[in-house]
Amino acid sequence: MGLIDFLKSIEPDKKKSPLLHTAYDAFFTFAYAPDTVTKGGTHIKDGMDLKRLMVTVVIAMQLCYLFGTYNIGHQHFVAAGEYLGFIEGFHLKLAHGLIKLLPIYIVSMAVGLGIEFYFAAKKGHAVEEGYLVTGALIPLIMPPDLPLWILTLSIVFAVIIGKEAFGGTGMNIWNIALLSRVFVFFAYPLTIAGDQCWISGYEKISGGASADYGWFHTGFFNTLFEWMGLNTFNTATTVVDGFSGATPLALAYEGGWEKVTSVFSEGQMIWGAIPGSIGETNKVFIVIGALILILTRVASWRIMAGMLVGLIGTTWILNALGSTPFMTVTWTQHLMMGSFLFAMAFMATDPVTASSTDKGKWVYGILIGFIGIIIRVMNPAYPEGWMLAILLLNTFAPTIDYFVIESNIKKRFSRA
Amino acid sequence: MNKLKLTLSLALLTNILSAQSQGSGSNLLFYGIVAVCAVLVVWAMLGLTGNLLKIEASKYGIDNETSNFGVFPDLRDFIKPKRPSFATGGTYHSLKKGFDISLEGKAEGDATHAGVSRFAIRPGDFRGMSPIPKVEVEVGSEIKAGDVLFYDKKRPEIQYVSPVSGEIVEIRRGEKRSIAEIVILADKDIKYKKVSTPDINSCERTELVGFMTSNGLWPLINERPFDVVPLPETIPSNIFISTFDTAPLAPDSNVIIAGNEAAFQQGLNVLGKLTTGHVHLGIDARGNVPSPAFTGASGVEKHWFSGPHPAGNVGIHIHHVSPIKGHNKVWTLGVQEVVTIGKMFNTGEYHADRVVALTGAELVSPKYVRTFQGASLADLLKDNVNGENLRVVSGDVLTGKQESMEGFLGFRDDQVTVLKEGNYYELFGWLLPLAPRPSVSGTIPSYGKDYKFEADTNTHGEKRAFVVTGQYESVLPMDIFPQHVMKAIITNNIERMEGLGLAELSEEDVALCEFVCTSKNPVQSILRQGLESLKEQS
């Protein structure tokens with residue numbers, strides 16, 4: 001048992017350097033499950049703990065990560081009209097995807113965990129694992145071309161104002177990942193609105209704009225690919241004329257389902273080879289993630305089912321009204337576009353910010369489905385509603401619980 | 001609600017009629033809508049009648065979960081769960097929520113005689129007892145089974161008696177000179193103090209209570225809420241007896257009752273005189289046919305329960321049969337306590353013999369033994385324990401009390417569990433659990449229904465902020481939100497605790513919540529803290 005003795009020997013002093021000790025403790029308990037035994041209360045405990053819970057969620061989103069990374073590169077070359085087949089230019093697409101995704105991931109983890117460690121040390125308790133999931137979710141819901149300083153600001157805002165100000169993990173009212181996204185959305189609307197941000201690696205998205213390659217493209221990967229005898233990044237790459245970079249939702253807002261299918265096929269939308277936030281495009285992989293969460297009972301199936309019911313019901317009403325082209329889009333078509341499924345699987349199911357009672361979870365899910373579709377279809381400024389719908393219902397989740405609990409109390413008192 | 005429906009249908013009718021007068025619409029549509037309205041009106045009236053009937057029924061207090069006084073059939077009536085064939089008579093409750101922790105080391109076979117020589121009665125086993133009770137014996141005194149050992153100076157009429165005859169060898173003191181335990185070295189053949197018993201069919205209630213309090217029978221009764229020995233003047237609204245235990249490795253009541261059937265029935269007869277309500281028996285409907293002593297008991301209400309743990313907890317039975325209302329008190333007893341009461345009235349002697357299940361994977365042979373209340377654990381477990389680094393628990397692994405090897409069996413305990421201490425580090429234990437461990441989580445392999453785990457006392461993770469919701473609710477088959485009860489206790493909101501049903505809960509009911517808690521919260525001790533503040537208020 002050499003490793004554990006070594007780890008024990010380098011343990012920093014808790015009093016002298018609390019921050020260092022907090023960091024050490026976080027990594028030590030990561031490597032070894034602690035040797036604590038039960039004291040008072042039950043003598044045995046369930047094998048489940050928060051680390052395992054959080055890592056299950058992270059595992060469930062890994063396929064989205066894999067696909068998202070590649071799709072960043074794919075969309076980049078589609079804009080240029082090169083390597084149009086999905087697996088053509090595989091190495092270039094992957095390289096470009098990694099160049100874009102890795103900095104976002106590293107910044108997300110470093111900034112968020114840095115703040116967590118600092119506050120844990122200050123409060124003198126162990127680092128809670130909540131940010132492992134939040135930090136993994138944030139890159140997936142960001143547009144690929146997001147400047148890193150905006151990302152940093154958004155995470156600082158979300159973690160400090162949204163979480164630590166409320167008392168840390170388990171106490172926050174709003175979903176942290178969505179809070180960082182909403183910060184970007186409201187603080188830097190020009191960066192994230194419109195069709196400009198969904199394709200990465202160009203100065204801007206309009207015909208003739210040239211590719212924006214850095215040292216990693218031209219220096220590192222081009223040297224590597226040349227040595228391997230593969231195609232390299234071409235600095236003369238430009239956006240083809242007439243390419244807009246519009247997402248299916250933007251198209252649907254303009255001209256309904258017809259306009260969408262004139263640009264993207266249904267298969268493309270289901271398998272995710274479309275522009276959009278990094279991890280939200282591939283519907284199949286998201287559904288697989290959702291199934292992992294449901295089968296392991298990590299996330300609430302009631303919230304997911306409630307959201308589906310809300311979406312389907314509201315879409316039926318809108319279909320019946322049918323006054324704009326977007327209103328005629330059916331619920332199956334709604335499922336293929338945008339980030340509904342991702343929000344359903346990973347965002348709304350956050351147990352801390354959702355309703356806590358079973359009945360409340362249904363109401364919570366249905367209302368998210370209802371409000372999200374209303375925002376998506378009716379709001380002219382930004383055709384996606386899940387972020388705002390979930391944050392709104394996060395706010396009202398305690399109220400929903402309140403009514404469920406009051407009815408239980410009333411029932412009990414009426415018996416007496 | 002019904003009024004609304006009525007108004008709506010009337011409004012609809014006038015609407016249609018006015019449309020008719022304008023001469024539009026077909027006749028068929030008109031009659032169709034009239035017919036629908038007529039049906040709605042009749043339905044609304046029936047609904048109203050049904051509700052009135054229900055209100056009337058609740059006025060008389062005859063409404064409960066199993067009867068439907070409304071006019072319409074309850075949806076539950078159509079999807080009634082199927083009773084096992086042996087579960088005849090009484091009500092049947094099929095519970096779904098809960099979790100059976102399947103552990104290695106279940107006691108087998110019939111009860112054998114255990115050579116236990118030392119016994120102890122501990123004032124600390126009785127909640128609310130003053131720390132220094134009046135001790136009636138001194139070291140060296142010779143006593144018989146049934147002789148008074150001590151009493152609480154606040155309630156001197158309730159006597160606590162010796163389970164065995166022999167010599168007082170030690171009066172151990174605890175903190176601040178409190179009496180920790182009175183240790184008795186037992187005779188080989190137990191001598192009993194003989195008393196004349198009142199005739200339960202003719203005597204007054206006060207006489208019966210007086211007899212029970214002065215002969216050590218009263219402390220056998222547990223009062224809910226708060227789990228205390230009741231005051232002699234209390235009249236319970238009901239008395240509940242659970243005849244089966246679903247806790248991990250719990251003893252089988254059929255083994256316990258063997259040979260004591262008549263005493264059990266006599267005990268039930270006595271208890272029947274003490275309540276204005278009923279004596280309720282909770283009976284096992286999970287599969288094994290219960291002893292005829294339970295199924296054939298007379299003068300009691302029978303209720304069959306099936307489902308995973310905690311289906312056998314008396315608190316669950318109370319909740320489903322006749323929940324504690326307002327300031328009502330409910331008394332609960334275990335099978336062996338009822339037998340002791342019955343034997344006293346049959347023989348005039350205090351027979352505190354107990355069948356105890358010695359359980360746990362660390363025992364050489366898990367088995368049933370016959371001994372007395374408060375038996376020495378060292379004597380019970382002699383030559384039966386494997387290995388070192390063990391924990392001895394008086395009771396089951398969920399609610400039992402940790403004892404040293406020199407400790408004694410708790411006053412109401414009929415089980416000893418020995419399990420391994422889990423003070424080891426596990427490389428990536430949270431990610432890749434190498435040894436099988438019981439869990440309700442879908443992320444940990446379950447190894448099938450028949451697999452028996454060798455659980456240890458490792459916490460499998462550290463205490464964290466509360467995150468996962470719905471977990472507690474999934475293992476408590478009650479119409480209660482334990483998570484919100486805990487929240488009310490932590491914020492010390494008395495009114496809310498009461499409203500959310502804290503008085504219906506006891507540690508054993510929420511023990512599974514503590515077991516499953518991902519954030520490793522001490523649910524049982526929080527609950528007790530809440531019960532204490534509720535008790536102070538009332």
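Since the model is a prediction, treat every value here as computed from it, not as a measurement.

**A short note on the side chain of B:Gln159**
Thinking step 1. Within the secondary structure layout, B:Gln159 lies in strand β7 (residues 159-161).
Thinking step 2. When residues no more than four places from it in sequence are discounted, the contact partners of B:Gln159 are B:Val148, B:Phe150, B:Tyr151, B:Thr213, B:Ser214, B:Gly216 and B:Pro219.

**Comments concerning the interface of chain B and chain A**
Interface size is commonly expressed as the accessible area that is lost once the parts come together.
Thinking step 1. The interface of chain B with chain A comprises 71 residues on the first partner and 59 residues on the second.
Thinking step 2. Carbon and sulfur atoms supply 57% of the area buried between chain B and chain A, which totals about 5,700 Å² over both sides.
Thinking step 3. Put simply, chain B and chain A have five salt bridges between them.
Thinking step 4. A:Arg412 is the salt-bridge partner of B:Glu504, the closest N and O atoms lying 3.0 Å from each other.
Thinking step 5. If you look at where chain B meets chain A, you find 33 residue pairs in polar contact (both at pLDDT 80 or more).
Thinking step 6. In terms of residues, the side of chain B that touches chain A owes the most to one element, helix α13 (residues 507-516) of chain B, which gives four residues.

**Structural notes on a nonpolar patch on the surface**
Thinking step 1. Together, A:Leu3, A:Phe6, A:Ile10, A:Phe30, B:Leu427, B:Phe428, B:Leu431 and B:Leu432 give the surface a local cluster of nonpolar side chains, amounting to about 690 Å² of exposed area.
Thinking step 2. One can find B:Leu432 in the loop between β20 (426-427) and α11 (482-490).

**Some thoughts on the confidence of the model for chain B**
All names here are of chain B.
Thinking step 1. On average, residues of chain B score 88 in pLDDT, and 91% of them reach the 70 mark or higher.
Thinking step 2. Confidence, expressed as mean pLDDT per element, reaches its minimum in chain B at helix α1 (residues 2-21) with 55 and its maximum at strand β14 (residues 330-333) with 96.
Thinking step 3. For the stretch residues 20-25, pLDDT sits under 50, and the model shows five contacts to residues farther than four places along the chain or on other chains.
Thinking step 4. Our summary of model confidence lists the complex with pTM equal to 0.87 and ipTM equal to 0.89.

**Observations regarding the domain arrangement of chain A**
Residue and element names in this part refer to chain A.
Thinking step 1. By the assigned domains, chain A splits into domain 1 (49-241) and domain 2 (299-410).
Thinking step 2. Here the C-alpha centre of domain 2 lies 26 Å away from the C-alpha centre of domain 1.
Thinking step 3. Each partner contributes residues to the interface: domain 1 has 20 residues there, and domain 2 has 13 residues.
Thinking step 4. Overall, the association of domain 1 and domain 2 removes approximately 1,500 Å² of surface from exposure, summing both partners, and the carbon and sulfur fraction of that is 79%.
Thinking step 5. Per-residue buried area on domain 1 facing domain 2 is highest for Asn 175, Leu 178 and Phe 185; these three make up 33% of the total on that side.
Thinking step 6. Seen at the junction of domain 1 and domain 2, the total is zero salt bridges.
Thinking step 7. Seen at the junction of domain 1 and domain 2, the total is three residue pairs in polar contact (both at pLDDT 80 or more).
Thinking step 8. Going through the elements one at a time, α3 (50-60), α6 (130-141) and α8 (176-187) are the ones with two or more residues in the side of domain 1 that touches domain 2.

**Thoughts on helix α18 (residues 386-415) of chain A**
Thinking step 1. Taking 1.5 Å as the rise per residue, α18(A) with 30 residues should run 44 Å; its terminal C-alpha atoms sit 41 Å apart, in good agreement.
Thinking step 2. Helix geometry: α18(A) is bent most strongly at A:Phe396, by close to 45°, with proline A:Pro398 lying one to four residues after it.

**Concerning the confidence of the model for chain A**
Thinking step 1. Counting all residues, the mean pLDDT for chain A is 89, and 98% of those residues have values of 70 or more.
Thinking step 2. Per-element confidence in chain A is highest for helix α13 (residues 283-295) of chain A, whose mean pLDDT is 95, and lowest for helix α9 (residues 189-192) of chain A, whose mean pLDDT is 76.

**Overview of the packing of helix α14 (residues 301-321) of chain A against helix α16 (residues 340-347) of chain A**
Residues and elements named next belong to chain A.
Thinking step 1. The N-to-C vectors of α14 and α16 enclose an angle of 155°; their axes lie 9 Å apart at closest approach. For the element pair α14 / α16, the angle class is roughly antiparallel. Here α14 runs over α16; the crossing is right-handed. Residues Met 304, Met 307, Leu 308 and Leu 311 of α14 form the contact with α16, whose own contacting residues are Phe 340, Ala 343, Met 344 and Ala 345.
Thinking step 2. For the contact of α14 with α16, the per-class residue count stands at eight nonpolar, no polar and no charged.

Conventions adopted
- Residues numbered from 1 in each chain as written.
- Chains lettered and ligands numbered in written order.
- Predicted model: local features only at pLDDT ≥ 70, side-chain atom pairs only at ≥ 80, totals over all residues.
- Heavy atoms only, no water.
- Helix = DSSP H or I, 4+ residues; strand = E, 2+ residues; numbered from the N terminus.
- Contact = heavy atoms within 4.5 Å.
- Buried area = accessible area lost by both parts, 1.4 Å probe.
- Salt bridge = Lys/Arg side-chain N within 4 Å of Asp/Glu carboxyl O.
- Polar contact = N/O pair within 3.5 Å; in protein donor to acceptor, adjacent residues only side chain to side chain.
- Patch = residues over 30% accessible without salt bridge, like charges linked within 9 Å, V, L, I, M, F, W, Y side chains within 5 Å.
- Areas by Shrake-Rupley, 256 points an atom, 1.4 Å probe, with all protein chains shown as cover.
- pLDDT = per-residue confidence, 0-100.
- Domains from an automatic or database assignment.
- Expected span 1.5 Å × (residues − 1).
- Bend = angle between axes of the 7 residues up to and from the residue.
- Axes fitted to C-alpha atoms, helices over the stretch in contact; angles between N-to-C directions.
- Parallel < 35°, antiparallel > 145°, perpendicular 65-115°, else oblique.
- Left-handed = near helix turned anticlockwise from the far one by under 90°.
- Nonpolar A, V, L, I, M, F, W, Y, C, P; charged D, E, K, R; others polar.

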